[in-house]
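Chain by chain, the residues:
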Amino acid sequence: MARNVKIPNCQLDTISPDLIEEGSRFREDYGDLTDLCHSIKTNGLINPIAVMSQPAAEKPFLLVAGGRRLRACMELKMEAVPVRIFETFDELDLRLLELAENIQRKDMSWQEQNRLQREIHQLQQKKHGVKSAHSNVGWGLEDTAQMMGVSKATISESINLGEKLERYASVLGDASKYKTENDARKAVKTVEEAMIRAELARRAEAKQASNAFTQTMADNYILGDCLEMMDKYQPETFDFAEVDPPYGIDLDKIKRDNDCEGYNEIPQDEYLIFIKDVLTRVYKVLKPNTFCVFWFGMDPWFEYIYKIAKEVGFKGSRIPLIWTKPNGQSLNPSQNLATAYETAFIFKKGSPVLAKPGRTNVFSYAPVAPNKKYHPTQKPLDLYQEIYNTFSFEGAKCIVPFAGSGMSMIAAATVKRQALGYDLTEEFKGGYIQAVSETFLQG
């Protein structure tokens, strides 16, 4: 149990900072004092500095608590500062007070600070009136920014974020669940991007209504569970399968630069059962002598998936299709090489032949730029086109159990194949519909 420090009687006074000796203190780094100096200059010193009398010393007062405040006052060249003057402490009490000041205080959370800034801004506008663009009368964002010692852009972004968190609360939930302000901004951005995509998709659908081909493309992206959907097909319906399931690798940590909202990952302890369910159904709906390109995460699933595919009836070797990329990614670049490729098994039902005999297993295509993606695992159109041209023939009826971005289905159409796809997330279909419109209805 911590010992309670008995605080002796004290008196309030105002003294020169030059009369205060800092003494020997354990805190040596006082950090950047810019904001504190601005606060003291604007609002005065709200919390007096604590000192102890030492009449026999060269400086008559010894600092007890408030080292940062004292340094800030000295930087501001203040002639006098408010202080609490205590009686003599022993060394233990001094150290306990120094420790208490630095570890027992709690800074405001970003949510609390955000609400307080907005409240102050609103109260100032209530008091002074709202400043218009053509008048200097009233209170505006620049006034709040100047008062708080930050840029107008900073305070504007902060207030805007708070308003949007309230506006989208039904979707985003309680703001307290976001650890940082940046996390909250990303969540707001995701919601707004989804709203934009939904509106663009609505417009694209309206435009496509008069175009039978693009309307069929929209209808071929089906919202639903692929396992349930594949159970409805007669055996031996499709000529090719492009299968890109979740990798079971905690995608939100791997793809740090991309938002994975809406992406349906599979827990690792359920993954192999899930994969067997998928492969069993894909094998059933494929015609004899057809290919299945099956994307997977090498670590730790390589051997497990290969064995499951054999169990359900597929043939094929362990040599995968390799999609190589110009740049790699690593969570621990100081110890691990960056990974610059993804892999897919080439499974066979029966003894199919390649549409491009002799093609190598290496497919080198640049990935989709992050700012062009509307799905976290979106692959490039030209990669998919080459896959369809290699493993199927014109007129092929193809199945894409995990449609995701739908780019695989668009690629199939551009090389004269028809693809049916399934996904659980309506937002991704919205992005697909917009991409269909951009691809086939330009001009």
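Residues numbered from 1 in each chain as written. Predicted model: local features only at pLDDT ≥ 70, side-chain atom pairs only at ≥ 80, totals over all residues. Heavy atoms only, no water.

1. Some words on the sheet that holds strand β5 (residues 81-86)
Then comes step 1: Strand order in the open sheet formed by five strands is β1-β5-β3-β4-β2, with mixed pairing between adjacent strands. The outermost strands of the open sheet, each flanked by one partner alone, are β1 (10-15) and β2 (20-21).
Then comes step 2: Sheet topology places β1 next to β5; six bridges connect them, and they run antiparallel. Residue pairing for β5: C10 is matched across the bridge by F86. (Pairing = 2+ DSSP bridges. Helix = DSSP H or I, 4+ residues; strand = E, 2+ residues; numbered from the N terminus.)

2. Quick word on the packing of helix α1 (residues 34-43) against helix α2 (residues 67-75)
Then comes step 1: The contact between α1 and α2 brings their axes to 9 Å, and the two run at 70°. Considering their axes alone, α1 and α2 lie roughly perpendicular with respect to each other. Here L36, C37 and I40 of α1 come into contact with α2, specifically with R68, R69, A72, C73 and E75. (Axes fitted to C-alpha atoms, helices over the stretch in contact; angles between N-to-C directions. Parallel < 35°, antiparallel > 145°, perpendicular 65-115°, else oblique. Contact = heavy atoms within 4.5 Å.)

3. Structural notes on the pattern of salt bridges
Then comes step 1: According to the stated counting rule, one finds 16 salt bridges in the structure shown.
Then comes step 2: One salt bridge connects R185 with E181, and the closest N-O pair in it is separated by 2.9 Å. You can see R185 and its partner E181 sitting in helix α8 (residues 181-208), four residues apart, about one turn around the helix.
Then comes step 3: Owing to a relative accessible area of 26%, E181 belongs among the partly exposed residues under this scheme. (Salt bridge = Lys/Arg side-chain N within 4 Å of Asp/Glu carboxyl O. Buried < 20%, exposed > 50% of the residue type's maximum accessible area, 1.4 Å probe, protein only.)

4. Brief notes about the sheet that holds strand β13 (residues 418-423)
Then comes step 1: The mixed open sheet is built from eight strands, whose spatial order is β6-β13-β12-β7-β8-β10-β9-β11. Lying at the two open borders of the sheet, with one neighbouring strand each, are β6 (221-223) and β11 (362-364). Averaged over all neighbouring strand pairs, the angle between strand axes comes to 20°, with direction disregarded.
Then comes step 2: For strand β9 (residues 321-329) and β11, the ladder comprises three bridges, and the chain directions are parallel.

5. With respect to the packing of helix α14 (residues 381-391) against helix α15 (residues 407-414)
Then comes step 1: Packing of α14 against α15 brings their axes to within 8 Å, and their N-to-C directions diverge by 55°. Regarding the angle of α14 to α15, the classification is oblique. Here α14 and α15 pass one another in a crossing that is right-handed. Across the interface between the two elements, L381, Y384, Q385 and Y388 of α14 pack against M407, S408, I410, A411, A412 and T414 of α15.
Then comes step 2: Partitioning the contact of α14 with α15 into residue classes produces seven nonpolar, three polar and no charged. (Left-handed = near helix turned anticlockwise from the far one by under 90°. Nonpolar A, V, L, I, M, F, W, Y, C, P; charged D, E, K, R; others polar.)

6. Overview of the environment of R68
Then comes step 1: Structurally, R68 can be placed in helix α2.
Then comes step 2: R68 sits in the partly exposed class, given a relative accessible area of 23%.

7. Considerations on the packing of aromatic side chains
Then comes step 1: All chains considered together, the criterion is met by 19 aromatic pairs.
Then comes step 2: Measuring from ring centre to ring centre gives 5.1 Å for F213 and F440, while their planes differ by 75°; the resulting arrangement is edge-to-face. Taken as a pair, F213 in helix α9 (residues 212-220) and F440 in helix α16 (residues 426-440) lie far apart in primary sequence, 227 residues in all.
Then comes step 3: You can call F213 partly exposed: its relative accessible area is 42%.
Then comes step 4: Ring centres of F240 and F391 lie 6.4 Å apart, and the angle between their planes is 0°; on these two criteria the pair is classed as stacked. Linking F240 in strand β7 (residues 238-243) with F391 in helix α14, this pair joins segments that are 151 residues apart in sequence. (Phe/Tyr/Trp six-rings, centres within 6.5 Å; stacked < 30°, edge-to-face > 60°.)

8. Focus: the pairing of β5
Then comes step 1: Bridging between strand β3 (residues 49-53) and β5 involves four bridges; their strand directions are parallel. Residue A50 lies in a different strand from β5, and its bridge partner there is R84.

9. Describing the environment of Y388
Then comes step 1: Locating Y388 in the fold gives a position in helix α14.
Then comes step 2: When its relative accessible area of 0% is taken as the criterion, Y388 is described as buried.
Then comes step 3: Sequence-distant contacts of Y388, that is, excluding residues within four places in its chain, are made with F240, E242, C398, V400, S408, A411, A412, V415, R417 and A419.

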